[in-house]
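Structural description and commentary
Read off the chains here:
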Amino acid sequence: EMIEENYVYVDKTKLIHDLFAKGGKYYFLSRPRRFGKSVLISTLAEIFSGNKELFKNLWIYDKIQWTEYPVIHLDLSKITFKTPEMLEKALEKRIEKIAADYNIKLDPELYLKEKFGQLIETLAQKQKVVILIDEYDKPVISYMEKGQIETAKNIRDVFKSFYSVIKASDEFLRFVFITGVSKFSKVSVFSDLNNLRDITMSKQFSELVGYTETELNGYFKPYFAALADETGFAKEKLPVEIREWYNGYSWDGERFVYNPYSIINLFTENSFGNFWFSTGTPTFLVKLIRNRESEIADYENLPVKSYTFDTFDIDNIEIVALLFQTGYLTIKEVTTDNKEKTYHLSYPNKEVRDSLLNFLFGEYTQKELNVSSRLLDRIKKSIAADDVDRFMQEIKSLFASIPYDIFIGNREAYY
């Protein structure tokens, strides 16, 4: 469809080639939602399926031997269930469907784990197997967001057992790639898969998803004129505005990328907007921030150590790690003192900063977002006009609306 409809396709195949051409075999990548993880997985699936002609005019086209491998592709965002037992059944059906696609009959007496192993071993009789798992954490995160922690733990244990098959099948595997939003601590989900290389913060693959400045100016150049006409920005100022709104994501503090979802929508709508933020409401995050009485102002420039990124688990939800993994915070700089690295986190850009703070403002004042936004606009206008009386009137109105029950213990000072 992309080829026939002449869509813009940003060629990442050189970096994708580096994943499997230099001896790498097991990979894990964490990135926020809507950042191109699924497109990356499907691209890998087509490469390993030997579909060479899909890649005509792309970098990789004449760089590899196009070998056809059996591919086990699991998108866990598409699996629906209500209990851990139903999850096992859903995974079992998916494994059986893949087996049927390859004309393989699995032993019906086997449990999920054994069926997965049998599928891998049978497929490998002709050629080593490629395993691609997209949104590996979606089922766990869904129940965490609902506050059903025990169910989330049980689901995690199902996956822990399921993924353990991969390492046990090492001799039958050519390549394994797993993606998701969250990076659970290795002891929690991937304890048995301890040979997995985590490239989430790798400099080598920091630009694997997302658009670089060069890619934006190259691939999307034909669309700049229409955007300038619609928005009224001068052509020379437009790149600065786009950068302020949508650039700023980094996983190494050196290389920065644009949010692909927002960029695509920017040139589709020909107007600036909070496109990425509106695709997912961070209610779960806000509840955590409020319950922990976390200092919101600290997120503007927050220094943390490397262990911060490795402590996320259902039993110990680290807010900063979660904000980073979900894309609300990013690495702006990395400094080193006595060989110890410090990562300086902040909001990636205007879209995320303004959207998140507006959302928090609405939640904390217990007002609907449009009501709190209008109140905030009136406060800003009173400051701009040097109207002290109006400013005080709006502040008193805001304070009067604060729920009474926060005036308990030390919560008044926190609020």
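Quantities reported herein were computed from a predicted structural model and do not represent experimental measurements. (Residues numbered from 1 in each chain as written. Predicted model: local features only at pLDDT ≥ 70, side-chain atom pairs only at ≥ 80, totals over all residues. Heavy atoms only, no water.)

**Observations concerning helix 10 (residues 260-269)**
Because each turn of an α-helix spans 3.6 residues, side chains separated by three or four positions end up pointing in the same direction. Rule in force here: Burial classification: accessible surface area is computed with a 1.4 Å probe over protein chains only, and a residue below 20% of its type maximum counts as buried, one above 50% as exposed, and the rest as partly exposed. Each helix is a run of H or I in the DSSP string that is no shorter than four residues. Each strand is a run of E no shorter than two, and both are numbered from the N terminus. Here a residue-residue contact requires only that any non-hydrogen atoms of the pair lie within 4.5 Å. Polar contact is the term for a pair of N or O atoms within 3.5 Å; when the atoms are in protein, one must be able to donate a hydrogen and the other to accept it, and sequence-neighboring residues count only if both atoms are side-chain atoms.
All buried positions along helix 10 are accounted for by Pro260, Ser262, Ile263, Asn265, Leu266 and Phe267. Lining the buried residues of helix 10 we find helix 7 (213-219), helix 8 (224-231), helix 9 (238-246) and helix 13 (350-364). Regarding helix 10, its N-cap is Asn259, as a side-chain oxygen of that residue lies 3.0 Å from the backbone nitrogen of Tyr261 further along. Of the residues flanking the end of helix 10, it is Asn270, one or two places downstream, whose phi is positive at about 55°.

**Observations concerning the pairing of strand 7 (residues 330-337)**
Formally: Any two strands between which DSSP finds at least two bridges are classified as paired.
For strand 7 and strand 8 (residues 340-346), the ladder comprises seven bridges, and the chain directions are antiparallel. Residue pairing for strand 8: Ile331 is matched across the bridge by Leu345.

**Let's talk about the pairing of strand 1 (residues 26-30)**
Here strand 1 lies mainly inside the structure; five of its five residues are buried. Here strand 1 shows two buried faces, one formed by Tyr26, Phe28 and Ser30 and the other by Tyr27 and Leu29.

**Side note on unusual backbone geometry**
Leaving glycine aside, a negative phi is the common case for residues, and trans is the common case for peptide bonds. Even without being glycine, Glu135 reaches a positive phi, approximately 55°. Inspection of the secondary structure puts Glu135 in the loop between strand 3 (129-134) and helix 5 (138-145). When its relative accessible area of 14% is taken as the criterion, Glu135 is described as buried. Although it is not a glycine, Asn270 sits at a positive phi angle of roughly 55°. Inspection of the secondary structure assignment puts Asn270 in the loop between helix 10 and helix 11 (283-291).

**Remarks on helix 13**
What counts, and what does not: Any helix carries an expected span of 1.5 Å times its number of residues minus one.
Look at helix 13: 21 Å from first C-alpha to last across 15 residues, which is about the 21 Å you get at 1.5 Å a residue. Within helix 13, the full set of buried residues consists of Glu351, Val352, Ser355, Leu356, Phe359, Leu360, Phe361, Gly362 and Tyr364. The distance from a side-chain oxygen at the start of helix 13 to the backbone nitrogen of Glu351 is 3.3 Å, and the residue carrying that oxygen is Asn349.

**Concerning the confidence of the model for the protein chain**
As a reminder of what qualifies: Confidence of the prediction at every residue is given by pLDDT, a number between 0 and 100.
A residue-level look at the protein chain finds 95% of positions with pLDDT of 70 or above and a mean pLDDT of 90. Mean pLDDT in the protein chain bottoms out at helix 16 (residues 411-414), which sits at 58, and peaks at strand 3, which reaches 98.

**Here's the deal with the sheet that holds strand 4 (residues 173-180)**
Strand-to-strand pairing in sheets goes through backbone hydrogen bonds, with the strands running parallel or antiparallel. Spelled out, the test is: An axis is simply a line fitted to the C-alpha atoms; with a helix, the fit covers only the stretch in contact. Between two such axes, the angle follows the N-to-C directions and lies from 0 to 180 degrees.
One open sheet accounts for five strands, arranged 2-3-4-1-5; its pairing is parallel. Each end of this open sheet is capped by a strand with a single partner; those strands are strand 2 (71-75) and strand 5 (197-198). Inspection of the sheet shows strand 2 paired to strand 3 by five bridges, in the parallel sense. Within strand 3, the position partnered with Leu74 by the bridge is Ile133. Set on the sheet, helix 1 (residues 13-21) makes contact with strand 1 and strand 4; between it and strand 4 the angle comes to about 130°.

**Here's the deal with the side chain of Ser382**
Turning to its location among the elements, Ser382 is positioned in helix 14 (residues 369-384). A relative accessible area of 3% places Ser382 in the buried class. A polar contact is formed between the side chain of Ser382 and the backbone oxygen of Ile379, at a distance of 2.7 Å. Filtering out sequence-adjacent residues up to four positions away, Ser382 remains in contact with Asp387, Arg390 and Phe391.

**Quick look at the environment of Leu44**
Along the polypeptide, Leu44 turns up in helix 2 (residues 37-48). Judged by its relative accessible area of 0%, Leu44 is buried. For the pair formed by Leu44 and Ile263, sequence separation is 219 residues and the distance between their alpha carbons is 23 Å. Residues in contact with Leu44, not counting those within four places in the same chain, are Ile16, Leu132, Phe175 and Phe177.

**Comments concerning the pattern of salt bridges**
Inclusion rule: Salt bridge, as used here, is a side-chain nitrogen of Lys or Arg placed within 4 Å of a carboxyl oxygen of Asp or Glu.
This structure, assessed with the given rule, holds 20 salt bridges. Of the charged contacts in the structure, one is a salt bridge between Asp101 and Lys97, with a shortest N-O distance of 3.1 Å. Here Asp101 pairs with Lys97, and both are found in helix 3 (residues 84-101), just four residues apart, close to one helical turn. For the salt bridge of Arg353 with Glu300, the shortest nitrogen-to-oxygen distance reads 2.9 Å. A residue pair is termed long-range when its members are at least 10 positions apart, and Arg353 in helix 13 and Glu300 in the loop between helix 11 and strand 6 (302-304) qualify at 53 residues.

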